[in-house]
Amino acid sequence: MAPGEAELRLRERLGKLRNLPLLGGTRLSGELERLERQLARLEAEPTGEEIWRSVELARHADRPYTLDYVGLLLEDYVELHGDRGRGDDLAIITGLGRFDGRTVALVGHQKGRDIRERTTRNFGMAYPEGYRKAIRVMELADRHGFPLLSFVDTPGAYPGVAAEQHGQGGAIARSQAAMARLGVPTVASIIGEGGSGGAIAIALADRVLMQEHAIYSVITPEGCAAILWRDAGEARKAAAAFKPDAAHCLELGVIDAIVPEPEGGAQTDPAAAAELLRESIGEALQELEGVPPDELRRRRRARFRSLGVYA
């Protein structure tokens, strides 16, 4: 049922209940309050247009990418290259730097600004080599006790034949398992598109933050529309149906907090967006400071195993 239809039906039911001639002593206050709460929730729901606006802003060509935030948030950053096996996938960047005075390890997707860089970085869609590089840095962080920051911004892992031949599914699973085993604090930030396994591969963290106009979902709106309606042009309809925006992700419990953005989106003022992100990451790290490694692992696994479980 469309949100507008649901709201109309609730209003009709409320009207009938309020005007119903009742016998003395009959109480309908509980039902009226329940319907009024549902109506208030529907009125506060982001509309289909607002959800699609978030999709557009998450993909905006000028939106800050991981390396933009690295320059604004980290000092003494040193990028680390290669998976020590096959090659260096530039769709994922890794490195070490100082965040508010403490050394941290960083893993993030990186898209490109122009067509040459987009091609070089495969539009932020990683091969297995990229996830193996990420695992290498995760293990480095764990060995030296560095908190891990991850920045998620990808339509999804690369679905090409070569990627599958190189073990794409296994690489994504091993990356998630590596994050689950870490004994150091981990904070993931969804800064643009958080698409499918390519996103969750580096987002199995103690705290998952999401920028106000980012999106996070198991599939792109176009992919969903192609499956359900055999027409990628129905992407708006698909996005309105599965709601990948930050408000709904918070409601579902797949993220822990929404990070505000400057008016009009992060691309209007990248420095201000970075400061807002800095505050949220700093708060998350402070909350996790001092938690024993075994307890971090226990909480992290319990949290992600509970997702999607309904009683």
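In this text the structure is predicted, and so the values were computed from the model without any measurement.

What to know about the overall build of the protein chain
Across its full length, the protein chain holds 14 helices and eight strands. Across the 311 residues that make up the protein chain, the buried fraction comes to 46%. Pairs at least 24 apart in sequence give 72% of the contacts found in the protein chain among residues at least 6 apart. In the form shown here, the protein chain has an accessible surface area of approximately 15300 Å², with 53% of it arising from carbon and sulfur atoms.

A word on helix α6 (residues 128-144)
For an α-helix, the turn length of 3.6 residues means that residues three or four places apart are oriented alike. Counted at 1.5 Å a residue, the expected span for α6 with its 17 residues is 24 Å, and the 25 Å between its end C-alpha atoms agrees. Once α6 finishes, G145 follows within two positions and takes phi at roughly 75°, a positive value.

A closer look at the pattern of salt bridges
What the rule picks out here adds up to 22 salt bridges. When the shortest N-O distance is used, the salt bridge between E129 and R86 registers 2.9 Å. With E129 in helix α6 and R86 in the loop between β1 (75-80) and β2 (92-99), this pair connects stretches of sequence that are 43 residues apart. Ionic pairing is found between R300 and D206, a salt bridge with its closest N-O pair at 2.9 Å. Linking R300 in helix α14 (residues 293-306) with D206 in the loop between α9 (196-200) and β6 (207-211), this pair joins segments that are 94 residues apart in sequence. Side by side, R300 and D206 carry an identical accessibility label, which is buried. Through salt bridges with shared partners, a single ionic network connects R59, K111, D153, E193 and E222.

Some words on the packing of aromatic side chains
Each aromatic ring pair is summarised here by two numbers: the centre-to-centre distance and the angle between the ring planes. One pass over the structure, following the stated rule, counts two aromatic pairs. For the pair Y69 and F151, a centre-to-centre distance of 6.3 Å together with 15° between the ring planes defines the contact as stacked. Of the two residues, Y69 is situated in helix α4 (residues 66-73) and F151 in strand β4 (residues 148-154); the sequence distance between them amounts to 82 residues. Across the pair, F151 and Y69 agree in class, each one buried. For the ring pair Y127 and Y158, a centre distance of 4.8 Å and an interplane angle of 40° mean the geometry is tilted.

As for the confidence of the model for the protein chain
The share of residues in the protein chain with pLDDT of 70 or more is 85%, and the mean pLDDT across the chain is 86. Taken as a whole, residues 22-27 scores under 50 in pLDDT and shows one contact with residues more than four places along the chain or in a different chain.

Topic: α4
Burial in α4 covers these residues: T66, Y69, V70 and L73. Along the long axis of α4, the arc covered by the buried residues comes to 110°, so they all point the same way.

Details of a nonpolar patch on the surface
Residues I227, L228 and W229 make up a contiguous nonpolar surface patch of about 300 Å² in total accessible area. Mapped onto the elements of the fold, L228 is located in helix α10 (residues 221-229).

Thresholds, definitions, all that
- Residues numbered from 1 in each chain as written.
- Predicted model: local features only at pLDDT ≥ 70, side-chain atom pairs only at ≥ 80, totals over all residues.
- Heavy atoms only, no water.
- Helix = DSSP H or I, 4+ residues; strand = E, 2+ residues; numbered from the N terminus.
- Buried < 20%, exposed > 50% of the residue type's maximum accessible area, 1.4 Å probe, protein only.
- Contact = heavy atoms within 4.5 Å.
- Areas by Shrake-Rupley, 256 points an atom, 1.4 Å probe, with all protein chains shown as cover.
- Expected span 1.5 Å × (residues − 1).
- Salt bridge = Lys/Arg side-chain N within 4 Å of Asp/Glu carboxyl O.
- Phe/Tyr/Trp six-rings, centres within 6.5 Å; stacked < 30°, edge-to-face > 60°.
- pLDDT = per-residue confidence, 0-100.
- Arc of directions from axis to C-beta.
- Patch = residues over 30% accessible without salt bridge, like charges linked within 9 Å, V, L, I, M, F, W, Y side chains within 5 Å.

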